[in-house]
Every structure is written in C-alpha cells, then in structure tokens.
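Given next are the chains, with one letter for each unit.
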Amino acid sequence: MKSAALNMVELSPKEYKSEVTPVWCPGCGDYAVLNSAYKAISRLGLDPEQTVFVSGIGCSSRFPYFVDTYAMHTLHGRALPVAAGVKLANPDLEVIVVGGDGDGFSIGGGHVPHVARKNTDLTYIMMDNSVYGLTKCQVSPTSDIGMKTKTTPHGSFDNPINPIALALTYGATFVAQAFSGKPKVCAEIIQKAIEHEGFSFVNILSPCPTFNFDNTSASYKESTKPLPEDYVPNSRTKALEIAMGSEAKDFMGIYYQDRQPTLVERIQGVINDQGGSPDYDIQKIADRYKV
Ligand SMILES: Cc1ncc(C[n+]2csc(CCOP(=O)(O)OP(=O)(O)O)c2C)c(N)n1
Ligand code: SF4
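As the structure is a computational prediction, the values presented were derived from the model and not from experiment.

**Some thoughts on the layout of surface pockets**
A volume near 400 Å³ is recorded for the largest pocket. Taken together, 19 residues form the lining of the largest pocket, with Val185, Pro226, Met252, Gly253 and Ile254 sitting closest to its centre. Breaking the lining of the largest pocket down by element, the ones donating at least two residues are strand S7 (174–179), helix H6 (183–195), strand S9 (225–226) and strand S10 (251–257). Here the lining of the largest pocket is built from residues that sort into 11 nonpolar, 3 polar and 5 charged.

**Re the side chain of threonine 120**
You can see threonine 120 is positioned in the loop between helix H4 (112–117) and strand S4 (123–128). Given a relative accessible area of 2%, threonine 120 falls into the buried group. Filtering out sequence-adjacent residues up to four positions away, threonine 120 remains in contact with Ala84, His114, Val115, Gly198, Phe199 and Leu263.

**Thoughts on the packing of aromatic side chains**
Considering all chains together, one arrives at 7 aromatic pairs under this definition. For the pair phenylalanine 53 and phenylalanine 63, a centre-to-centre distance of 5.8 Å together with 25 degrees between the ring planes defines the contact as stacked. Placement of the pair is phenylalanine 53 in strand S1 (residues 51–55) and phenylalanine 63 in the loop between S1 and strand S2 (70–73), with a sequence separation of 10 residues. Like phenylalanine 53, the residue phenylalanine 63 is buried in the burial classification. Taken together, Trp24, Tyr31, Phe53, Phe63 and Phe66 form an aromatic cluster joined through their ring pairs. In this structure, lysine 238 packs its charged tip against the face of tyrosine 231, placed 5.7 Å from the ring centre.

**Focus on the site of ligand 1**
Not every one of the 16 residues close to ligand 1 is listed here, only the nearest: Cys59, Ser60, Gly102, Asp103 and Gly133. Between ligand 1 and the protein, one listed contact pairs an oxygen atom with a side-chain N or O atom of serine 60 at 2.7 Å. Elements with a contribution of two residues or more to the shell around ligand 1: helix H3 (101–107) and strand S5 (131–132). Residue contributions to the shell around ligand 1 peak at 4 residues, all from H3. Tallied by class, the residues present in the shell around ligand 1 amount to 6 nonpolar, 8 polar and 2 charged.

**Focus on the sheet that holds S10**
Across the sheet, which stays open at both edges, the 8 strands sit in the order S2-S1-S3-S4-S8-S7-S10-S9 with mixed pairing between neighbours. Looking at the sheet topology across the chains shown, the edges are occupied by S2 and S9. Pairing geometry for S9 and S10, over 2 bridges, is parallel. In the strand pairing of S10, proline 226 is matched with methionine 252.

**A look at the pairing of strand S3 (residues 94–100)**
Among the 7 residues that make up S3, 7 are buried, leaving the element largely enclosed by the rest of the structure. Where S1 meets S3, 5 bridges bridge the pair, whose relative direction is parallel. Paired with serine 55 across the two strands is valine 98, which belongs to S3. Note: S3 against S4, 5 bridges, orientation parallel. Opposite glycine 100, over in S4, you have methionine 127 as the bridge partner.

Scoring rules and cut-offs
- Residues numbered from 1 in each chain as written.
- Chains lettered and ligands numbered in written order.
- Predicted model: local features only at pLDDT ≥ 70, side-chain atom pairs only at ≥ 80, totals over all residues.
- Heavy atoms only, no water.
- 1 Å grid on protein atoms, 1.4 Å probe; cavity = no way out; pocket = protein on both sides within 12 Å on 5 of 7 lines; lining within 4 Å.
- Points joined across faces, edges and corners; volume = space filled by probe spheres on them.
- Helix = DSSP H or I, 4+ residues; strand = E, 2+ residues; numbered from the N terminus.
- Nonpolar A, V, L, I, M, F, W, Y, C, P; charged D, E, K, R; others polar.
- Buried < 20%, exposed > 50% of the residue type's maximum accessible area, 1.4 Å probe, protein only.
- Contact = heavy atoms within 4.5 Å.
- Phe/Tyr/Trp six-rings, centres within 6.5 Å; stacked < 30°, edge-to-face > 60°.
- Lys NZ or Arg CZ within 6 Å of the ring centre and 35° of its normal.
- Near = heavy atom within 4 Å.
- Polar contact = N/O pair within 3.5 Å; in protein donor to acceptor, adjacent residues only side chain to side chain.
- Pairing = 2+ DSSP bridges.

This is the structure in structure tokens:
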C-alpha cells in the first residue's frame, strides 16, 4: 500500500542487492524473479528503511537475504500472518511476502483466504515451481497428475490446485500471473502489484531445473502467452472464467484489479468512528469490567 509517510529514494536495481550471494542452483527461475524485484522496487523508489521482505521456508524463501532492505525469514507457511502483523503494527511500511507453492498453498494454505478477504495491504509473490525444491523434490499442490518424484514413484494421482482461481475466489483485489523467463513483464507486474493498494497476489511460474523436468523453462516458453489484447481486468467473474479454462496456466498478465478499502483503512475507520485518541483513559475501560 502506498502511504503518504513513505519516503522515495533514487537507487539503481543493483543498489538493492545485499552482501549475501544467492545460493540457488544454476538456472533456477528464482534468480530472474529476484532481478525483476530489484527492478520493480528501484522504479518505485522504495526506501530500504521502510521496506520489509517476509518469507516462509524453502529455496524461494531464501529471497529476503538477497535484498538490502529489512527482512524476516519465518516458519514454513507462516510468512503471511507474520507479514500481516508487521503491516498492522506499522502501516507505513511496504511489506512484500515471498515464498514457494508448497509454503503458500500446502502448509500455509489456511492463511491465504484470510489475508485476501481482509484485503490486508501486502504484496504476495509466489514462486511456483510445482515441486518442493529445498527438501529435494516431492510433489507440491501445483504438480500435475502423473508427476514422478521420490514420494510419488508411480506418478502423482492428486488433482493440482489452481492458485489464480483460488486467489480470485478468496477476494484478492489484485491477481496476476507471470513467467520468470520473461523478466521484463515480471518486473512490470511486480511493480504494479506493489503499487496496488490492498492484497495483491502474483503467481510466478519459476522453473526448478534440478528437480522438475516436466515444467521447464523451455516448456513454459512454449506454453505461456499474454492475456488477450482486449482483456480488461475489471471483472472477477471474467477473470475466473479464464482461470478455470483449459488454458488457465498459459495466460500471463493481470487477471483482476479493484481498489477496495484495505484492512488498515477499515481499522482506521473504526478508530475514527469511535473517536479514538492516543490519550484514551485505560482506567475507564478497566472499570467497565469491575464486578
Ligand atoms: C513445519 C515444517 N514442515 C516441513 C518442513 C520441511 N520443508 C522445508 S522446505 C519445504 C517445502 C519447500 O517447497 P516450496 O515451498 O514449494 O519451496 P521451494 O523450495 O520449492 O522454493 C518443506 C516441506 C519445515 N521446514 N517445516
Ligand atoms: S532445487 Fe530447484 S528451486 Fe531450489 S534452488 Fe535448485 S533449482 Fe531452484
């Protein structure tokens, strides 16, 4: 969420690099996502002192180490609630959540609907490689039926979930999909997601060349394409129709965007209605509970 109290700075993408060198495998899609994020936050002029990257656990969740801003590396699946706490405690911060598909939609799957329906002012960038990478290749909730891994030697028989359709039905006010192999588009979408006031979800197809031989950079180059040229992202139903269609995983771009009151704005509204003030009388409140 853009806040009036946010300072703007002039830093090149390179100047957002931390001293920690990324530890991802050669060819990992997450490098391009990181570079796109450097570009996006440089274009937006985000002040590193007012920016926080929050992650869960996984290869992709190592992301915050590589950005020279404030950062939190939390627990598996818990990045969203921790990030929501950071945002509510200090709404002037720009809070960006990063992580994997296992982190976000398996163990963390219970948190996504709630940050979305509350329109919590966070940007959530999910690096979707359709495997558990850091734990050396097990199927994830976005793996296709038939995928063979150490835990599915005869091929996965579970139906994959659809992150875009879920984010849309959960009520996210910005929903987009990108492919790490198109870093220019990726940077633009990340930038728009951060600019969006409210909860923004960006699913980024980010190949894992070490463990996923089904969804490769080459296969995504073939299959992905921009949303139709005349597409206008102003209808949740229209967006859902595309997301539920047979080419759902192929369309990249902004599916849906709508400016709605954010969680912070709604809370501020209650405070204003109640005449909240920093010098409220705690004794008066305590007296209400006297027996
Ligand atoms: C509570 C808990 N359960 C399981 C693990 C083991 N674990 C570490 S990373 C991971 C999954 C990583 O997959 P994903 O989130 O898709 O990220 P990737 O490594 O593919 O980027 C799991 C299950 C853990 N660290 N904590
Ligand atoms: S295991 Fe896969 S996701 Fe993890 S760093 Fe290597 S290529 Fe990237």
